[in-house]
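Coordinates in review
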Amino acid sequence: MKEITDILKAYQKATKEKKKTALATVVKVEGSSYRRPGARMLITEDGQLTGAISGGCLEGDALRKALSAIVQQENKLITYDTTDEDDAKFGVQLGCNGIVHILFEPINEEDKLNPIAILTALQHKREDAILTTLFALNGKLQLGTSMLFKKDAILSKIPAEIEEDIIKDAKEVCAGKTAAFKVYNYGDQDTDAFIELIHPPVSLIIAGAGNDAQPLSEMAYLLGWEVTIIDGRPTHATAQRFTNATKILVSKSENVLSQIDIDEQTAFVLMTHNYNYDIELLKHLLSTKASYIGTLGPKKKLLRMLDELNLATPENENRVHGPIGLDIGAETAEEIAISILAEIKSVFTGASAVFLKDKKTPIHVYGLNNS
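Predicted model only: the values in this text are computed from it and were never measured.

It is worth spelling out the overall build of the protein at this point. Secondary structure assignment for the protein yields 9 helices and 16 strands. What you see for the protein is a C-alpha radius of gyration of 23 Å, in line with the 21 Å of a compact globule of 371 residues. Along the first, second and third principal axes, the C-alpha set of the protein runs to 70 × 45 × 40 Å. Taking as baseline every contact in the protein between residues at least 6 positions apart, the subset at least 24 positions apart corresponds to 60%. Accessible area for the protein stands at about 18100 Å²; split by element, carbon and sulfur atoms hold 50% of it. The distance from the centre of the 41 positive side-chain charges to the centre of the 51 negative ones in the protein is 3 Å.

What follows deals with the UniProt feature "domain: XdhC Rossmann" (unreviewed entry) in the protein. UniProt's feature table lists "domain: XdhC Rossmann" (unreviewed entry) at residues 204-344, given in the numbering used throughout. The span residues 204-344 is 35% helix and 18% strand, and its two end C-alpha atoms sit 9 Å from each other.

Take the pattern of salt bridges next. Per the stated rule, a full pass over the model turns up 19 salt bridges. A salt bridge links K19 to E17; the nearest nitrogen and oxygen atoms lie 2.8 Å apart. The closest approach of N and O atoms between D61 and K65, which form a salt bridge, is 2.9 Å. Of this pair, D61 and K65 both sit in helix α2 (residues 59-72), 4 residues apart, roughly one helical turn. For D61, a relative accessible area of 8% puts it in the buried group. The network of salt bridges with common partners includes K13, E17, K19 and D46.

What follows covers the nonpolar core. Counting 24 residues, the largest nonpolar core has L204, I206, L216, V269 and I344 as its most contacted members. Mapped by element, the contributors of at least two residues to this core are β11 (203-207), α5 (213-222), β12 (226-231), β14 (266-270) and α9 (333-349). Counting residues per element, this core draws most heavily on α9, which supplies 5 residues. In this view, I206 contacts A213, L216, S217, V227, T228, I229, I230, V269 and M271; residues no more than four positions away in its chain are not counted. Membership of the second largest hydrophobic core comes to 21 residues, among which are A207, I230, Y277 and A290.

Conventions and cut-offs
All residue numbers here refer to positions counted from 1 along the written sequence of the relevant chain. Per-residue local features of the predicted model are confined to residues with pLDDT of at least 70, and side-chain atom pairs are confined, for both listing and counting, to 80 or more; whole-chain, interface and lining totals are unaffected and use all residues. As a rule here, side-chain values cover all heavy atoms of the structure and leave hydrogens and water aside. To qualify as a helix, a DSSP run of H or I must reach at least 4 residues; to qualify as a strand, a run of E must reach at least 2; elements of each kind are numbered from the N terminus. When we talk radius of gyration, it's over C-alpha atoms, and the globule rule is simply 2.2 Å times the number of residues to the 0.38. Note on definitions: a residue-residue contact is assigned when non-hydrogen atoms from the two residues lie within 4.5 Å. Only the protein chains shown count as cover for residues, and all accessible areas are computed by the Shrake-Rupley method using a 1.4 Å probe. Only four residue types enter the charge count, namely Lys and Arg as positive and Asp and Glu as negative; His and the chain termini do not. A single reference atom marks each charge: NZ on Lys, CZ on Arg, CG on Asp, CD on Glu. UniProt positions are given in the numbering used here, feature names are shortened, and annotations may be inferred rather than shown by experiment. Should a side-chain nitrogen of Lys or Arg be within 4 Å of a carboxyl oxygen of Asp or Glu, the pair is scored as a salt bridge. Each residue gets one of three labels from its accessible area relative to the maximum for its type: buried under 20%, exposed over 50%, partly exposed in between, using a 1.4 Å probe on protein chains only. By convention a nonpolar core is built from buried Ala, Val, Leu, Ile, Met, Phe, Trp, Tyr and Cys residues, the set being connected through side-chain atoms within 4.5 Å.

Here's what the structure looks like:
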């Protein structure tokens, strides 16, 4: 979601400067590639790039293709095939053994449902959304970013002949929580669809405004997460100390949960260094939808809190991460922040957090979580 947010900001800037733009989207990958379907990049006519569609090796050629799309004002699907070891013939040096299909869409401001307008609608509400991009691997008609589906709203410019089928498949993606690739017949050709699941950004709520919370807040901001700081001390929970926090709340522990929203994309970290404050919050957190709850400190502290609350069940002990973070040998506040964020990310994506060199399955398993 951060990449999309950055693209929208860059587009607003480009519009003010009266620059023409195009959106590049990775719509399908076969084999190995640095980025997966859903990776996006905004290109301005003067060569400014926001986002990424590769590790840097495709961007130069992508600029030329984007400029062509802008000049001709038509969508273009470009395929980079590196299964041949002589990938140098493409002049891009991908360094991967795969096929990458990238759709280039010039942005027309007069089109009320242009790709940027559809992406903008993603930010209107914190809920899962389904984005459908239509392209043709074996045809000329490249329809592009065509539909945003939410539970209570649909933005669509999909042709009526296939819209009903695509909405049905979008509902299945929403229910199954994983992306899908489909093929429909439209205009006497097969039309491919990348039906993408997009989650709202992670909401990281940090209870505790001490010095050790500052690097955690800053690093989460860099990830594009929404950060809320909570503390009972007005001297600590300030905008000067947490410049990039989305929300700062000075509150007694018993009043906290009534002032915040917690959904399935919420991670809650208890690091106030105040036992009574933490235990009061923990008492109520276990009945929320928060997908991650972590407590700073030793395991015996967590077990003591659960015992005092009469909540010491295997389920609760398994749900709360205490001690918080991954075992990376962290010592400093900055290192501990990396440990905590890595654990939260692994929980949200369902990843193993093992060394990548030890994985027996592909690194990327698309559709788990696009946060």
